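Observations on the model geometry
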Amino acid sequence: MNELPQQLVNGLLLGAMYGLVAIGYTMVYGIVQLINFAHGEIFMTGAFGALTVWLWLPGGTTMWLALPLMITGAVIVAVAIAVGAERFAYRPLRNAPRLAPLITAIGLSLALQQAVWAWYPEAKSARTFPQISGGPFEIGDVTLQTGDLFLVAAAPLSMAVLGWFVLRTRTGRGMQATAQDPDTARLMGVDTDRIIVIAFALGAAFAAVGAVAYGLKYGEINFRMGFILGLKAFTAAVLGGIGNIYGAMIGGVVLGAAETLATAYIAEIPGMSRFGSQSWADVWAFVLLILVLLLRPQGLLGERVADRA
């Protein structure tokens, strides 16, 4: 029990990272009802975009100066790939059977993995990600690393900016209208193609911020990092209620806390030690998803997508 505050904070941090990536899934699905399974790889390319900026900077550049540039590079790379994918891979299939864009997303995911591996052959194992000096910081019974502080600041700030954008701007209201009824929104003068592009771009930008947080937290990145994390982020979106922006972050926090606590405490149960290892963390995440789908299929906050049948 003495470790409980630390484990809860660890789960909150992990869940915030899942939530940042889950926003992209839930925004795109809420507007075009497409599960973009390449979103995990967009997250991965954001991490390598940040690393590329770091490698291009002159030697001796401090991380405090480099970090804003790395975030900018990550966002530019992730947004460019997401917008390109929407324009050339998904838009031509918008009226096709749903299986076609799903297969396209899986193919795009594999293509992005191989493209990054070709650009960074050494990423087959892992690439070291630069770290912010300082820390760790002790707050009562909780220890935070410097990379954790970035996530503590980035996640709520990102959610606040997104909430303001969706609720207070004309484009945000256009996104809500398109999600509710794209045909009627088009008749009312909303440029739905532009709205869809913006949804892809915003989701990619938040994924890029999450990718930088991942690199700072774990100290390394690799070209396969987006696959499992992307699945967990999709799980978080479903847990919160697919199409619900706030549900994506809440689902991420619930998933991160459940995964962390299960890993920490199941091993303490007699005869269950092997089920508390880190290798079982992914299993417990999907067990939680199955339970939520059985008990509350619409997610914790409810699905926010209109029935377009």
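The structure presented is a predicted model; accordingly, all values stated were derived computationally and were not measured. (Residues numbered from 1 in each chain as written. Predicted model: local features only at pLDDT ≥ 70, side-chain atom pairs only at ≥ 80, totals over all residues. Heavy atoms only, no water.)

1. Points about the overall build of the protein chain
- Looking only at helices and strands, the protein chain has 11 helices and four strands in total.
- In terms of overall dimensions, the protein chain has C-alpha extents of about 60 × 55 × 35 Å along its principal axes.
- In the protein chain, which comprises 309 residues, the share counted as buried stands at 52%.
- The long-range share in the protein chain, meaning contacts at least 24 apart out of those at least 6 apart in sequence, stands at 77%.
- Accessible area of the protein chain: about 14800 Å², with a carbon and sulfur share of 66%.
- Distance from the positive charge centre (18 side chains) to the negative charge centre (17 side chains) of the protein chain: 9 Å. (Helix = DSSP H or I, 4+ residues; strand = E, 2+ residues; numbered from the N terminus. Buried < 20%, exposed > 50% of the residue type's maximum accessible area, 1.4 Å probe, protein only. Contact = heavy atoms within 4.5 Å. Areas by Shrake-Rupley, 256 points an atom, 1.4 Å probe, with all protein chains shown as cover. Lys, Arg positive; Asp, Glu negative; His and termini not counted. Charge placed at Lys NZ, Arg CZ, Asp CG, Glu CD.)

2. A short note on the pattern of salt bridges
- One pass over the full model with this rule turns up six salt bridges.
- Residue Glu259 pairs with Lys232 through a salt bridge whose shortest N-O separation is 3.0 Å. Residue Glu259 is found in helix H10 (residues 245–265), and its partner Lys232 is found in helix H9 (residues 225–240); the two are separated by 27 residues along the sequence. Like Lys232, Glu259 is buried.
- A single network of salt bridges, built from pairs that share partners, joins Glu86, Arg91, Arg94 and Asp193. (Salt bridge = Lys/Arg side-chain N within 4 Å of Asp/Glu carboxyl O.)

3. A few points about the side chain of His39
- Tracing the sequence through the fold places His39 in helix H2 (residues 39–56).
- A distance of 3.1 Å separates the side chain of His39 from the backbone oxygen of Val21, its partner in a polar contact.
- Every residue in contact with His39, bar those within four places of it in the chain, is listed here: Val21, Gly24, Tyr25, Gly203, Ala204 and Ala207. (Polar contact = N/O pair within 3.5 Å; in protein donor to acceptor, adjacent residues only side chain to side chain.)

4. A closer look at the packing of helix H1 (residues 4–32) against H10
- Interhelical geometry of H1 versus H10 gives an angle of 140° and a closest axis separation of 6 Å. Relative to H10, the crossing made by H1 is right-handed.
- When its residues are assigned to classes, the contact of H1 with H10 shows 19 nonpolar, nine polar and one charged. (Axes fitted to C-alpha atoms, helices over the stretch in contact; angles between N-to-C directions. Left-handed = near helix turned anticlockwise from the far one by under 90°. Nonpolar A, V, L, I, M, F, W, Y, C, P; charged D, E, K, R; others polar.)

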